[in-house]
Amino acid sequence: LSSVELTQDYLKRINEIDPQFNSFITVTDELALAQAQAADNAIANGETSPLTGIPVAHKDLFCTEGVLTTCASKILHNFVPPYESTVTARIKAAGAVALGKTNMDEFAMGSSNENSYFGAVKNPWNINTVPGGSSGGSAAAVAAGLCVAATGTDTGGSIRQPASFCGITGLKPTYGRVSRFGMIAYASSLDQAGPMARSAEDCAYLLQSFAGFDTNDSTSSETATEGYLASIDSPLAGLKIGLPKEYFGDGLDSDVAQVIMDAVKEFEKLGATVQEISLPNLNLSIPSYYVIAPSEASSNLSRFDGVRYGHRCEDPKDLLDMYMRTRSEGFGKEVQKRIMVGTYALSEGYYDAYYVKAQRIRRLIKEDFVKAYQEVDVIMGPVAPTTAFGLGEKTTDPVAMYLEDIYTLSVNLAGIPAMSVPAGFSNGMPVGLQIMGNYFDEAKLLNVAHKFQ
Ligand code: GLN
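Residues numbered from 1 in each chain as written. Predicted model: local features only at pLDDT ≥ 70, side-chain atom pairs only at ≥ 80, totals over all residues.

1. Concerning the nonpolar core
Keep this limit in mind: As used throughout, a nonpolar core is a set of buried Ala, Val, Leu, Ile, Met, Phe, Trp, Tyr and Cys residues joined through C-beta atoms within 7 Å of each other. Counting other C-beta atoms within 10 Å of a residue's own tells you its class, since 20 or more makes it buried, 12 or fewer makes it exposed, and anything in between is partly exposed; those C-beta atoms are placed from the backbone. Counting from the N terminus, the helices are DSSP H or I runs at least four residues long and the strands are E runs at least two residues long. With C-beta atoms placed from the backbone, a contact is any residue pair whose C-beta atoms sit within 7 Å.
Val56, Leu99, Val142, Cys147, Val378 and Ile435 are the most contacted members of the largest nonpolar core, which totals 131 residues. A per-element tally of this core places helix α6 (residues 200-210) first, with seven residues. Setting aside residues up to four positions removed in sequence, Val378 forms contacts with Leu239, Ile241, Ile435, Met436, Gly437, Lys444, Leu445 and Val448.

Shown next as structure tokens:
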């Protein structure tokens with residue numbers, strides 16, 4: 001099978017079955033076939049990498065040169081970036097074929113992929129349920145076999161939770177492990193890109209291609225990347241697993257808890273030891289995150305004003321009118337709400353009470369993890385309290401929606417890496433096991449996940 005034939009098959013499949021799931025915003029047929037042809041040429045010349053000719057898809061938050069990049073927002077409905085993000089550029093340089101751009105929650109704000117200007121994404125396991133969010137399009141596309149792997153971003157769970165809901169594997173790397181250059185920013189101190197695929201091994205190949213320092217992102221780490229494939233099959237004998245008691249309390253669905261506990265038993269069979277630990281500030285992660293993330297978003301999103309790119313309102317009467325109408329028309333409800341919350345939290349007189357306090361809590365959450373990793377190698381727990389919920393079920397209840405993020409947010413606040421790995425099913429829907437690691441321990445996470453698969 002040539003790379004062109006493989007790409008044609010995938011494009012045909014997207015064309016035939018994606019209308020049910022709505023996982024793509026843009027499909028780049030011609031570009032994909034040209035890249036596939038280049039891959040076939042590379043193969044003929046013996047110049048291959050593990051990703052040569054592999055069909056992938058990118059969350060529509062990565063700027064792709066010459067290809068529409070919307071962030072699932074009306075405000076960017078016509079935005080064609082003049083440059084390429086580091087992540088997508090590196091994947092391309094490794095020879096992969098990009099099939100298109102995947103659907104998401106607008107500006108990555110959401111946990112169900114229902115906040116997209118281009119419509120909700122449906123979970124391939126049951127199209128009456130959500131795929132999770134915000135990287136719901138990437139997760140659904142991988143789960144439905146519409147691409148081999150995809151990129152996602154995770155600010156508070158957006159790789160792990162959709163991976164869990166769609167029964168695939170996803171990794172959020174350590175903050176700084178991957179360059180954010182060319183990613184449309186949501187909350188810059190939390191955002192991190194990572195791979196979503198069917199297995200830990202596939203995630204390792206993808207991460208290997210794009211992790212590492214980038215002169216274009218001053219927050220990218222100069223710590224050398226490890227060989228993510230080299231240790232992927234190492235034995236787990238002696239691995240110390242911590243189970244935070246707070247992750248198994250009220251609010252966790254009992255079937256989900258059972259799947260997680262069964263998975264932990266498998267690790268014991270593989271030679272790991274398990275101990276209870278405590279991450280006492282778990283409950284503070286939601287209030288802290290939902291102050292910090294909207295604050296950063298309110299600042300990041302101020303650039304969308306109708307002046308330089310994107311949507312602009314009709315016939316503005318003056319500059320202020322243009323800003324106001326452009327932004328009211330261009331941003332969806334959830335985005336507007338967060339801009340207002342963030343602007344309020346950062347405003348004079350409230351800054352200390354909200355933003356500074358949230359940052360203090362963030363420090364406590366980080367310290368909980370630092371302490372835990374003095375005793376254990378990895379921490380395990382659920383990704384989300386439930387399996388995929390019904391479309392529309394939580395859209396009118398923001399608190400219920402935000403509670404979905406309880407087990408994922410603290411990882412971003414601390415900046416540690418974490419994965420979601422398929423662990424089983426509850427009522428026919430996939431359940432993901434969350435594996436959290438110490439800073440820059442991606443190789444260990446991939447190893448632990450791989451041995452379980
Ligand atoms: N659900 C969280 C939010 O709405 C996380 C989203 C994300 O990780 N991008 O902010």
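Let's pick the thread back up.
2. Some remarks on the site of the ligand
Filter applied, for reference: Defining nearness, a residue is near a molecule or strand when the C-beta atom obtained from its backbone falls within 6 Å of it. Gly falls in the polar group here, along with every residue not listed as nonpolar (Ala, Val, Leu, Ile, Met, Phe, Trp, Tyr, Cys, Pro) or charged (Asp, Glu, Lys, Arg).
By nearness alone, 13 residues border the ligand, and Ala108, Ser111, Thr155, Gly156 and Ser158 come closest of all. Tallied by class, residues from the shell around the ligand come to four nonpolar, seven polar and two charged.

3. Concerning the sheet that holds strand β10 (residues 418-426)
Under the convention used in this document: For two strands to be treated as a pair, DSSP must find at least two bridges joining them. Only C-alpha atoms enter the line fits that serve as axes; for helices the fit covers just the stretch in contact. Angles between N-to-C directions range over 0 to 180 degrees.
Across the sheet, which stays open at both edges, the 11 strands sit in the order β1-β3-β2-β4-β6-β5-β10-β11-β9-β7-β8 with mixed pairing between neighbours. Either end of the sheet is taken by a strand with one partner, and the two such strands are β1 (24-27) and β8 (273-277). When the angles between neighbouring strand axes are averaged without regard to direction, this sheet yields 30 degrees. Judged from the three bridges that link them, strand β5 (residues 169-172) and β10 form a sheet pairing that is antiparallel.

4. Side note on the environment of Ser189
You can see Ser189 is positioned in the loop between β5 and β6 (193-197). C-alpha separation for the pair Ser189 and Thr219, spaced 30 residues apart in sequence, amounts to 8.9 Å.

5. Section: the domain arrangement of the protein
Threshold: The domain boundaries here were taken from an automatic or database domain assignment.
Parsing the protein into structural domains produces domain 1 (3-210), domain 2 (240-285 + 358-452) and domain 3 (301-353). Using only C-alpha atoms to locate each centre, domain 1 and domain 3 end up separated by 28 Å. On the domain 3 side, the residues contacting the 13 residues of domain 1 number 12 residues. Residues belonging to the side of domain 1 that touches domain 3 are distributed by class as follows: six nonpolar, five polar and two charged.

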